[in-house]
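The lines below spell out each chain.
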Amino acid sequence: MDINSASTVVLQTLTQAASQDTTILKPAEEQLKRWETQPGFYSALLNIFNNHALDINVRWLAVLYFKNGIDRYWRRIAPHALSEEEKSSLRAGLIANFNEPVNQIATQIGVLIAKVARLDCPRHWPELIPTLLESVKAQDDLHQHRALLTFYHVTKTLSSKKLVADKKLFQDEFLNAVFERLKQFLECRRQVNQENTCSEKLEKTIILFTKVLLDFLDYHPFSFISLIQRSLEFAVSYVFTGAGEGVVFERFIVQCMNLIKMIVKNDAYKPAKNTEESKPETMEAHKIKIYFFSYSTLTEICRRLVSHYFLLTPEELSMWEEDPEGFAVEEAAGDSYKYSLRPCTEVLFLDIFHEYSQTLTPVLLEMVQNLHGPTNVDNTVGLVVKDAVYNAIGLAAYELFDSVDFDQWFNSQLLAELQVTHIRYKLIRRRVIWLIGQWISVKFKSELRPMLYEAILNLMQDQDRVVRIETATTLKLAVDDFEFRTEQFVPFLENIFSLLFHLLQEVTECDTKMHVLHVISCVIERVGMQIRPYVGSLVQYLPLLWKQSEDHNMLRCAILTTLVHLVQGLGADSKNLYPFLLPVIQLSTDVSQSPHVYLLEDGLELWLVTLENSPSITTELLGIFQNMSALLELGSENVRTCFQIINAYIFLSSSEFLQNFAAALCQSFCELMQDITTEGQVQVLKVVENVLKVNPILGPQIFQPLLPSVLKGILDGEKYPVVMSTYLGIAGRVLLQNTGFFSSLLNQIALELNQEMEQLLGNIIEMWVDRMDNITQPERRKLSALALLSLLPSENSVIQDKFCGIINICVEALHDVLSEDSDTGTYKDCMVMSHFEEQKVSEDEEPPTEQDRRKKLLALKDPVHSVSLQQFAYEKLKAQQELLGEQGFQSLMESVDTEVIRQLQGFLQKL
């Protein structure tokens with residue numbers, strides 16, 4: 001195909017293919033398809049899209065056909081592959097000129113060149129990278145931009161090659177020259193006007209180069225060893241010396257800092273404690289690091305980080321003035337260190353300080369000592385520098401534990417600085433209270449707490465909002481600390497809580513309101529019931545805040561958390577919140593409402609604590625249970641809390657609750673038991689067990705559909721010990737407290753299995769005895785003994801046949817529950833409760849909830865806690881003896897091991 005005549009024919013066909021008329025378009029597309037394998041076709045396409053005088057749509061089509069052809073025909077082994085001569089000509093033509101005027105076409109050409117580079121560079125296209133680098137230096141803006149655009153796509157493509165040989169080639173070709181290229185690009189950036197479109201592309205290319213380095217270091221640390229020295233020299237030079245002036249930009253500084261950090265922290269470069277066990281590569285890397293990070297280099301990096309990168313910028317100070325809440329939020333969000341300069345700077349400082357603390361501690365302490373005493377409020381630079389140095393001392397608190405007497409510093413200087421009330425000193429007031437927050441869990445004497453609370457009280461009235469927000473943060477750290485003592489804080493509680501509430505009302509940003517709410521929640525949680533006199537205003541404000549936050553689900557989550565702690569603090573008095581509280585719970589736990597996606601977990605927690613602290617059931621509280629069926633169907637990770645809520649309803653008001661929801665609950669449980677984990681089964685069975693405990697007569701009737709599977713599970717020898725233990729607990733409840741129902745249940749199963757009822761009873765007793773060790777809870781072990789002893793007295797041959805096993809279980813349980821009185825020599829069942837005792841709680845313990853009290857009162861009626869096993873066993877055995885006569889009873893006792901009889905007699909003689 002003659003190139004000139006071919007170009008004319010191909011151009012005509014492409015023009016037709018760009019037509020909107022399908023009668024013209026379809027034949028043209030078919031013709032182009034036939035030409036794909038013809039020699040000269042791609043040369044014709046190259047001529048067409050390089051001709052800027054032609055129609056844009058036609059040129060666009062030409063690029064696309066060329067690009068598609070690379071995938072199909074460029075590889076040498078491909079069917080109908082292009083000849084090496086044509087490919088050589090095409091490669092030369094593709095990089096002959098970087099002057100494409102149309103952005104979209106320029107981008108496609110860049111991608112096209114990158115595709116060829118992926119296949120041919122560097123073996124068959126060694127001139128590509130040098131040509132691109134030379135073209136980047138062009139004075140013409142368009143030429144430079146297009147070369148950069150192409151270079152960007154080429155680098156991105158080459159760095160993604162996976163084959164070992166390809167990666168080796170890329171390493172040799174690209175990585176070994178990367179720093180020189182980066183320097184060239186950085187110098188280009190110095191010459192380019194910042195507003196030039198080329199500047200943005202230059203920055204993208206520079207970042208791409210550094211990203212390739214970071215990825216290579218991350219995935220191939222040992223292969224990177226040869227680049228450690230050059231990487232550190234390059235990064236430190238541009239970021240920590242004057243070489244970077246007028247050249248570096250924020251994202252590049254971040255990438256360089258990440259490069260330094262990854263080398264410093266890389267485990268592959270850290271020798272084992274016994275260096276002989278370390279790899280040679282590790283020792284080589286370690287030596288390079290030791291050589292590079294000399295005293296002078298480390299000192300310069302540390303000083304530069306603190307005195308340059310830690311300084312608040314004019315933009316940040318302006319933001320402080322114009323948008324204090326926005327500034328506070330930005331400062332708090334310091335976790336995305338990879339992409340933001342200040343957090344990245346702080347992380348690098350911490351990593352280097354941790355690695356080289358012995359060298360850098362004296363440097364940092366000297367910087368602090370040079371700032372002794374209050375700074376002149378007119379010295380703006382001095383204030384910003386002190387802020388930066390104090391920031392460093394706070395960040396390195398754990399590393400400086402043995403080097404800083406923080407208590408003495410707090411007393412001698414920091415407290416005084418907090419008392420400087422001048423408006424311009426707000427930088428230091430805010431930084432000092434932050435600094436104390438950083439040290440409070442590291443090294444801060446308990447006796448200094450009241451002085452800190454006094455300072456917090458004063459700062460919560462500061463004229464600057466940022467200072468108040470930071471003070472609230474430190475307050476949270478103080479009350480959340482394990483050395484927090486309520487009695488030290490209570491004298492300040494009323495005033496501080498009032499000021500926190502005013503701050504909550506004053507702030508307007510959603511994130512700030514959330515933050516202050518978390519502080520309030522933490523205070524309420526730590527002081528417990530002592531918050532009650534001071535929450536009136538907060539209780540009145542929360543409904544308004546809830547309404548205002550309708551479009552801010554995360555703020556609503558914070559409100560829910562606050563309500564959880566508020567209910568716990570108020571206890572039974574939380575019933576006064578029900579007009580607001582219950583609709584909130586209703587909305588948060590209704591899966592048909594879209595907010596539940598965000599609110600469900602906290603809403604369930606609030607529902608649970610509301611029930612636990614409720615003094616009595618209400619119609620509205622009962623009505624919320626309508627949400628439960630859908631929640632159980634959802635089967636999410638919150639299902640455990642759902643079961644806790646069900647149990648709370650049972651303990652709160654079993655009769656009303658079961659009257660309304662028993663049928664639906666039983667149906668839900670039957671469905672759940674068909675497709676649920678072992679742990680889920682146990683949760684379901686525990687609810688059944690609690691219902692039987694609270695209502696032994698009505699309970700078995702309610703869960704009648706579930707109970708046959710319990711007895712069958714025992715008969716089948718359920719393999720999971722926890723499930724078997726729960727089965728036996730349920731069976732024990734029914735047998736002991738509703739014998740008639742147990743008999744009818746056994747009869748039902750006997751009919752289903754076509755077996756004798758007495759035979760089944762024998763098998764159950766046998767399995768019970770065999771699996772007694774599955775039961776670990778003392779209450780259930782005693783219950784088993786009481787239940788099996790309740791079968792006595794009996795003339796039933798099956799029960800008499802299992803008498804030995806029943807006595808064995810009885811003696812085991814007696815060992816569990818009896819304690820000996822050393823004075824009288826008698827035994828006492830330690831599980832028996834004679835009356836309700838109000839539990840005394842220490843400061844560190846949670847006070848009992850209304851539900852705790854309900855459980856105690858319920859226990860007084862529970863045979864496990866109201867019946868002496870020792871007395872019960874004595875009475876049952878005596879009744880058996882009277883039934884059978886002395887000879888018959890002795891014959892029965894002879895089936896029991898003599899040692900077991902001896903122990904039993906020992907227990908029963910000391911009644």
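Residues numbered from 1 in each chain as written. Predicted model: local features only at pLDDT ≥ 70, side-chain atom pairs only at ≥ 80, totals over all residues. Heavy atoms only, no water.

Visitor: Any chance you could explain the overall build of the chain here in plain terms?
Guide: Along the backbone of the chain there are 46 helices and 2 strands. On C-alpha atoms alone, the chain measures out to a radius of gyration of 40 Å, which is more than a quarter above the 29 Å that the 2.2 N^0.38 rule sets for 911 residues. With the principal axes as the frame, the chain shows a C-alpha extent of 120 × 80 × 65 Å. The burial tally for the chain puts 53% of its 911 residues in the buried class. A total accessible area of about 41,600 Å² is found for the chain, and carbon and sulfur atoms account for 49% of it. Averaged over its 81 positive side-chain charges, the chain has a centre that lies 6 Å from the centre of its 117 negative ones. (Helix = DSSP H or I, 4+ residues; strand = E, 2+ residues; numbered from the N terminus. Rg over C-alpha atoms; globule rule 2.2 N^0.38 Å. Buried < 20%, exposed > 50% of the residue type's maximum accessible area, 1.4 Å probe, protein only. Areas by Shrake-Rupley, 256 points an atom, 1.4 Å probe, with all protein chains shown as cover. Lys, Arg positive; Asp, Glu negative; His and termini not counted. Charge placed at Lys NZ, Arg CZ, Asp CG, Glu CD.)

Visitor: Quick question: what am I supposed to make of the pattern of salt bridges here?
Guide: Applying the stated criterion to the full structure yields 39 salt bridges. The residue Lys 33 makes a salt bridge to Glu 36 at a minimum N-O spacing of 3.8 Å. Residue Glu 36 is classed as buried on the basis of its relative accessible area, which comes to 6%. Here Lys 115 ties to Asp 71 by a salt bridge, and the two come within 3.2 Å at their closest N and O atoms. Taken as a pair, Lys 115 in helix H6 (residues 103-120) and Asp 71 in helix H4 (residues 56-73) lie far apart in primary sequence, 44 residues in all. The class for Lys 115 is partly exposed, based on a relative accessible area of 26%. Its relative accessible area of 46% is what places Asp 71 among the partly exposed residues. Shared partners join several salt bridges into a network, and the residues in it are Glu 325, Arg 465, Arg 468 and Glu 506. (Salt bridge = Lys/Arg side-chain N within 4 Å of Asp/Glu carboxyl O.)

Visitor: Any chance you could explain the environment of Gln 909 here in plain terms?
Guide: With respect to the helices and strands, the residue Gln 909 is situated in the segment after helix H46 (898-908). C-alpha of Gln 909 to C-alpha of Ile 764: the two residues are 145 residues apart in sequence and 31 Å apart in space.

Visitor: Hey, could you run me through the packing of helix H12 (residues 225-240) against helix H15 (residues 295-309) in this one?
Guide: Running from amino to carboxyl end, H12 crosses H15 at an angle of 35°, the nearest separation of the two axes being 11 Å. Here H12 and H15 pass one another in a crossing that is left-handed. Taking contact as the criterion, the partners of Val 236, Val 239 and Phe 240 in H12 are, on H15, Glu 300, Ile 301, Arg 304, Leu 305 and Tyr 309. Per-class residue counts for the contact of H12 with H15 are 6 nonpolar, no polar and 2 charged. (Axes fitted to C-alpha atoms, helices over the stretch in contact; angles between N-to-C directions. Left-handed = near helix turned anticlockwise from the far one by under 90°. Contact = heavy atoms within 4.5 Å. Nonpolar A, V, L, I, M, F, W, Y, C, P; charged D, E, K, R; others polar.)

Visitor: Teacher, can you tell me more about the packing of aromatic side chains here?
Guide: The description of two aromatic rings rests on the distance between their centres and on the angle between their planes. Applying the stated rule across the entire model yields 38 aromatic pairs. One aromatic cluster is present, built from ring pairs that chain together Trp 35, Phe 41, Tyr 42, Phe 49, Phe 66 and Trp 74. The ring of Trp 546 has Arg 556 lying over it, and the distance from NZ or CZ to the ring centre is 4.1 Å. (Phe/Tyr/Trp six-rings, centres within 6.5 Å; stacked < 30°, edge-to-face > 60°. Lys NZ or Arg CZ within 6 Å of the ring centre and 35° of its normal.)

Visitor: Sorry, what's going on with a negative patch on the surface here?
Guide: A grouping of Glu 322, Asp 323, Glu 330, Glu 509 and Asp 511 is seen on the molecular surface, where their side chains present a negatively charged patch. By the secondary structure assignment, Asp 511 is in helix H26 (residues 510-527). (Patch = residues over 30% accessible without salt bridge, like charges linked within 9 Å, V, L, I, M, F, W, Y side chains within 5 Å.)

Visitor: What's the story with the packing of helix H21 (residues 406-418) against helix H22 (residues 426-439) in this structure? I'm lost.
Guide: The description of two helices packed together rests on the angle between their axes and the distance between the axes. The interhelical angle for the contact between H21 and H22, taken along N-to-C directions, is 155°, at an axis separation of 10 Å. The angle between H21 and H22 places the two elements in the roughly antiparallel class. Here H21 runs over H22; the crossing is left-handed. Between H21 and H22, the residues in contact are Phe 406, Trp 409, Phe 410, Leu 414, Glu 417 and Leu 418 and Ile 428, Arg 429, Val 432, Ile 433, Leu 435, Ile 436 and Trp 439, respectively. A per-class count over the contact of H21 with H22 returns 11 nonpolar, no polar and 2 charged. (Parallel < 35°, antiparallel > 145°, perpendicular 65-115°, else oblique.)

Visitor: Whenever I open this one, the nonpolar core confuses me. Can you help?
Guide: Grouped burial of nonpolar side chains is what soluble globular proteins tend to show. Core analysis: the largest hydrophobic core is formed by 315 residues, its most contacted members being Phe 66, Phe 349, Trp 607, Ile 646, Tyr 649 and Phe 669. Ignoring sequence-local partners within four residues, the contact set of Phe 66 consists of Tyr 42, Leu 45, Leu 46, Phe 49, Trp 74, Leu 90, Leu 94 and Leu 112. (Core = buried A, V, L, I, M, F, W, Y, C linked by side-chain atoms within 4.5 Å.)

Visitor: Please explain unusual backbone geometry as it appears in this structure.
Guide: Leaving glycine aside, a negative phi is the common case for residues, and trans is the common case for peptide bonds. The peptide bond linking Leu 792 to Pro 793 adopts the cis configuration, its omega dihedral lying at -5°. Looking at the element boundaries, Pro 793 is found in the loop between helix H40 (778-789) and helix H41 (797-801). For His 80, which is not glycine, the phi torsion reads 60° and is therefore positive. Position of His 80 relative to the elements: it lies in the loop between H4 and helix H5 (84-94). Positive phi, normally seen in glycine, also occurs at Asn 754, with a value near 55°. With respect to the secondary-structure elements, Asn 754 resides in the loop between helix H38 (739-753) and helix H39 (757-770). Given the relative accessible area of 72%, Asn 754 is considered exposed.

Visitor: What's the story with the state of the cysteines in this structure? I'm lost.
Guide: In a disulfide, the sulfur atoms of two cysteines are held together by a covalent bond. Following the criterion strictly, the structure yields 0 disulfides and no others. We note that Cys 557 lacks a disulfide partner, and the nearest cysteine sulfur, in Cys 510, lies 10 Å from it. The exposure class assigned to Cys 557 is buried, which follows from its relative accessible area of 7%. The thiol of Cys 810 is not disulfide-bonded; the next cysteine sulfur, from Cys 804, is found 12 Å away. The buried category is assigned to Cys 810, whose relative accessible area is 0%. (Disulfide = S-S within 2.5 Å.)

Visitor: Looking at this structure, how should I read the side chain of Arg 468?
Guide: If you trace the backbone, Arg 468 turns up in helix H24 (residues 465-479). Judged by relative accessible area, which is 8%, Arg 468 ranks as buried. Polar side-chain contacts of Arg 468 include one of 2.4 Å to the side chain of Glu 506. Those residues in contact with Arg 468 that sit more than four places away from it in its chain are Leu 459, Met 460, Gln 461, Asp 462, Gln 463, Leu 503 and Glu 506. (Polar contact = N/O pair within 3.5 Å; in protein donor to acceptor, adjacent residues only side chain to side chain.)

Visitor: Any chance you could explain a nonpolar patch on the surface here in plain terms?
Guide: Residues Met 554, Val 597 and Tyr 598 make up a contiguous nonpolar surface patch of about 330 Å² in total accessible area. Among the structural elements, Val 597 can be located in helix H30 (residues 596-612).

Visitor: Quick question: what am I supposed to make of the side chain of Lys 67 here?
Guide: Assignment of secondary structure puts Lys 67 in helix H4. For the buried Lys 67, which has no salt bridge, the nearest side chain bearing the opposite charge is Asp 71, at an N-O separation of 7.6 Å. Aside from chain neighbours lying at most four places away, what touches Lys 67 is Gln 108, Val 111, Leu 112 and Lys 115.

Visitor: Teacher, can you tell me more about helix H14 (residues 280-292) here?
Guide: The periodicity of an α-helix, 3.6 residues per turn, causes residues three or four positions apart to be oriented the same way. With 13 residues, H14 extends 19 Å from end C-alpha to end C-alpha; this agrees with the ideal 18 Å at 1.5 Å per step. Those residues of H14 not exposed but buried are Thr 282, Met 283, Ala 285, Ile 288, Lys 289 and Phe 292. The inward-facing, buried residues of H14 contact H12, helix H13 (250-265), H15 and helix H18 (341-355). (Expected span 1.5 Å × (residues − 1).)

Visitor: Explanation requested: the environment of Thr 205 in the structure shown.
Guide: Mapped onto the fold, Thr 205 is located in helix H11 (residues 197-219). What makes Thr 205 buried here is its relative accessible area of 0%. For the pair formed by Thr 205 and Leu 622, sequence separation is 417 residues and the distance between their alpha carbons is 64 Å. Among residues more than four places away in sequence, those in contact with Thr 205 are Leu 148, Phe 151, Tyr 152 and Phe 185.

That's the geometry; what it means functionally is another story.
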